[in-house]
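# Fold and contact review
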Amino acid sequence: MLTKRINTLSESITIAVSTLAQELKAEGKDIISFSAGEPDFDTPQVIKDAAIAAINSGFTKYTAVDGIPALKEAIIEKLKRDNNLEYAPNQVIVNNGAKHSLFNLFSATIEAGDEVIIPAPYWVTYPELVKYCEGIPVTIHTDDASGFKITPEQLKNAITPKTKMLILTTPSNPTGAVYSKAELEALAEVLKGTDILVASDEMYEKLTYDGEFVSTASISEDMYKRTITINGLSKSVAMTGWRFGYMASADADLIKATKKLQSQSTSNINSITQYAAIAGLDGSADEDIAMMHAEFIKRRDEAVELFNNVDGLSVLKPDGAFYLFVNIKEVSNDSLTFCQDLLKSKGVAVVPGVGFGSEGYFRFSFATGIASIREGIKRIDEFVQELKAK
């Protein structure tokens, strides 16, 4: 009854762990969850006020499929101001979050048998959507030694005549790795002379802590032409539930194709969200972004120190995002079992690295209060020492 295509999909492991943690908590169990990729801050008031104003003014009807003109102009101005990128309105489309952006992009570009290069650890959604579109995920493995970033040599060796696309995520979910300008330039050199597209997921752009964030499409004219930039406001201004994302591409025909697909599926995104998103893009929420940024740095620094004091665990200090990718190889080579047992015995929810394509790690989100972080790592320490004593 079901298609082969739908049966290739696996449930998102991050959502599965978060849901289980919520269920256990609802049963009255003492659960601390570090599994969700969601800021614990509220959406800034200036954005909520813009949404309220939209409702009160009756801005509740259908809109253009690809977004209202004022919102698209705010996106264009943001890309110009922050990323030194120039786009016209027909080169930008508004989607229901980054997952929707990716789904539309892959649906419009990937044919059966096309290969898509995905550095691992990767966001869990990438290979699943590629497989759904009948593409073939080609994984490039990275680890602590490389700072969880691919090298030009690795990229060159992964390219075949069937390669259609490279997915880059900077800053990375789940590792927090950020590619420098020089590193992006080196990868760009490998792609010169090919027709390979680059999907650049830059959702955590505003959460870059060390070094400078560089947008992939800004590296060169060649990269500008081949790169589809994907971004949104879920992480930077805590708008996860509002469902807002966007794509920008020099190829207006590609954007037109995704608009056609969107017109026959979701149509426009929520009209209230569109109006509110302008305030998240135009600088109105910059003070809130700075506050969250500063708090995340404090949490990151303390969490890294605490984890590196746990006998048997180690973690690199991430340059961006709000995750730690903790190395557990000294105590376990089965991250799923490790995380399941940790949740059952200590009430701590983290996400197994195997779900991100990298065994021997777990992802720990520090998008929660410092008291919970301290207590959670204390429990993890107890669990690890009990494992080592067996």
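Reading the values: the criteria
Residues numbered from 1 in each chain as written. Predicted model: local features only at pLDDT ≥ 70, side-chain atom pairs only at ≥ 80, totals over all residues. Heavy atoms only, no water. Pairing = 2+ DSSP bridges. Helix = DSSP H or I, 4+ residues; strand = E, 2+ residues; numbered from the N terminus. Axes fitted to C-alpha atoms, helices over the stretch in contact; angles between N-to-C directions. Contact = heavy atoms within 4.5 Å. Buried < 20%, exposed > 50% of the residue type's maximum accessible area, 1.4 Å probe, protein only. 1 Å grid on protein atoms, 1.4 Å probe; cavity = no way out; pocket = protein on both sides within 12 Å on 5 of 7 lines; lining within 4 Å. Points joined across faces, edges and corners; volume = space filled by probe spheres on them. Nonpolar A, V, L, I, M, F, W, Y, C, P; charged D, E, K, R; others polar. Right-handed = clockwise from strand over helix to strand, strands pointing away. Core = buried A, V, L, I, M, F, W, Y, C linked by side-chain atoms within 4.5 Å. Phe/Tyr/Trp six-rings, centres within 6.5 Å; stacked < 30°, edge-to-face > 60°. Lys, Arg positive; Asp, Glu negative; His and termini not counted. Salt bridge = Lys/Arg side-chain N within 4 Å of Asp/Glu carboxyl O. Polar contact = N/O pair within 3.5 Å; in protein donor to acceptor, adjacent residues only side chain to side chain.

### Overview of the sheet that holds strand E8 (residues 245–249)
The mixed open sheet is built from seven strands, whose spatial order is E2-E8-E7-E6-E5-E3-E4. At either margin of the open sheet sits one strand with a lone partner, and together these are strand E2 (92–95) and strand E4 (136–141). In this sheet, neighbouring strand axes are inclined to one another by 20 degrees on average, regardless of whether the strands run parallel or antiparallel. Of the pairings in the sheet, the one linking strand E6 (residues 197–201) to strand E7 (residues 227–232) comprises four bridges and is parallel in character. The partner of Ser200 across the bridge, within E7, is Thr229. Here helix H4 (residues 69–83) sits on the sheet and contacts E2, E7 and E8; the angle it forms with E2, its principal contact strand, is near 115 degrees.

### A look at the pairing of E8
Most of E8 is tucked away, with five of its five residues classed as buried. Taking every second residue as pointing to the same face, both faces of E8 are buried, with Gly245, Met247 and Ser249 on one and Tyr246 and Ala248 on the other. In this sheet, E8 lies alongside E2 in antiparallel orientation, the contact comprising four bridges. Note that in E8 the partner of Val94 across the bridge is Tyr246.

### Quick word on the layout of surface pockets
Over the atoms, a rolled probe matching the size of one water molecule traces out where space is still vacant. Taken as a whole, the largest pocket spans an internal volume of roughly 880 Å³. Looking at the largest pocket, it is lined by 38 residues, and the ones nearest its centre are Ser18, Ala36, Gly37, Glu38 and Lys235. Of all the secondary-structure elements, those providing two or more residues to the lining of the largest pocket are helix H2 (13–26), strand E1 (32–33), helix H5 (98–109) and strand E12 (361–365). Among the elements that make up the lining of the largest pocket, the one with the highest residue count is H2 (seven residues). Residues of the lining of the largest pocket, tallied by class, amount to 14 nonpolar, 16 polar and eight charged. In this model, the second largest pocket occupies a volume close to 260 Å³. Surrounding the second largest pocket, 17 residues form its lining, Ser10, Ser12, Val124, Thr125 and Glu128 being those nearest its centre. Of all the secondary-structure elements, those providing two or more residues to the lining of the second largest pocket are H2, H5 and helix H6 (125–132).

### So, empty space enclosed by the protein
Tallied over the full model, the rule gives one cavity of 30 Å³ or more. Around the largest cavity sit 17 residues that line it, and Pro119, Pro121, Thr169, Ser172 and Tyr179 are the ones nearest its centre. Residue assignment for the lining of the largest cavity shows that the elements contributing at least two residues are strand E3 (115–120) and strand E5 (163–169). A class-by-class count of the residues in the lining of the largest cavity yields twelve nonpolar, five polar and no charged.

### Focus on the pairing of E3
Burial of E3 is extensive: six of the six residues sit out of reach of the surface. Residues Glu115, Ile117 and Pro119 point to one face of E3 and Val116, Ile118 and Ala120 to the other, with burial holding for every one of them. Pairing between E3 and E4: six bridges, direction parallel. Its bridge partner lying in E4, Glu115 is registered against Ile136. A crossover links E3 with its parallel partner E4, the connecting element being H6, and its sense is right-handed.

### So, the nonpolar core
In terms of nonpolar packing, the biggest core is built from 74 residues, with Phe106, Phe307, Phe362 and Phe364 touching the most fellow members. Those residues in contact with Phe106, other than ones at most four positions away along the chain, are Tyr126, Leu129, Val130, Cys133, Met165 and Ile167. Counting 31 residues, the second-largest nonpolar core is a separate cluster that includes Val94, Ala217, Ala276 and Ala285.

### Observations concerning the packing of aromatic side chains
Following the criterion strictly, the structure yields 20 aromatic pairs and no others. Ring centres of Phe338 and Phe362 lie 5.7 Å apart, and the angle between their planes is 15 degrees; on these two criteria the pair is classed as stacked. Here Phe338 is found in helix H13 (residues 335–346), whereas its partner Phe362 is found in strand E12, with 24 residues between them in sequence. Centre to centre, the rings of Phe338 and Phe383 are 5.1 Å apart; their planes meet at 80 degrees, and the pair counts as edge-to-face. Placement of the pair is Phe338 in helix H13 and Phe383 in helix H14 (residues 370–389), with a sequence separation of 45 residues. Taken as a pair, Phe338 and Phe383 share a single burial class, namely buried. Aromatic rings pair up to connect Phe34, Phe307, Phe338, Phe362, Phe364 and Phe383 into one cluster.

### Section: the side chain of Glu115
Turning to its location among the elements, Glu115 is positioned in strand E3. The charged side chain of Glu115 is buried without a salt bridge, its nearest counter-charge being Lys162 at 5.4 Å. A polar atom in the side chain of Glu115 sits 2.6 Å from the side chain of Thr160. Excluding residues within four positions of it along the chain, Glu115 makes contact with Ile136, Val138, Thr160, Lys162, Thr163, Lys164 and Met165.

### What to know about the pattern of salt bridges
For the structure on display, the rule yields 25 salt bridges. For Glu382, the salt bridge goes to Lys346, with nearest N and O atoms at 3.7 Å. Taken together, the residues span a long stretch of sequence, with Glu382 in helix H14 and Lys346 in helix H13 at a distance of 36 residues. One network of salt bridges, with partners in common, ties together Lys78, Arg81, Asp82, Glu205 and Lys206.

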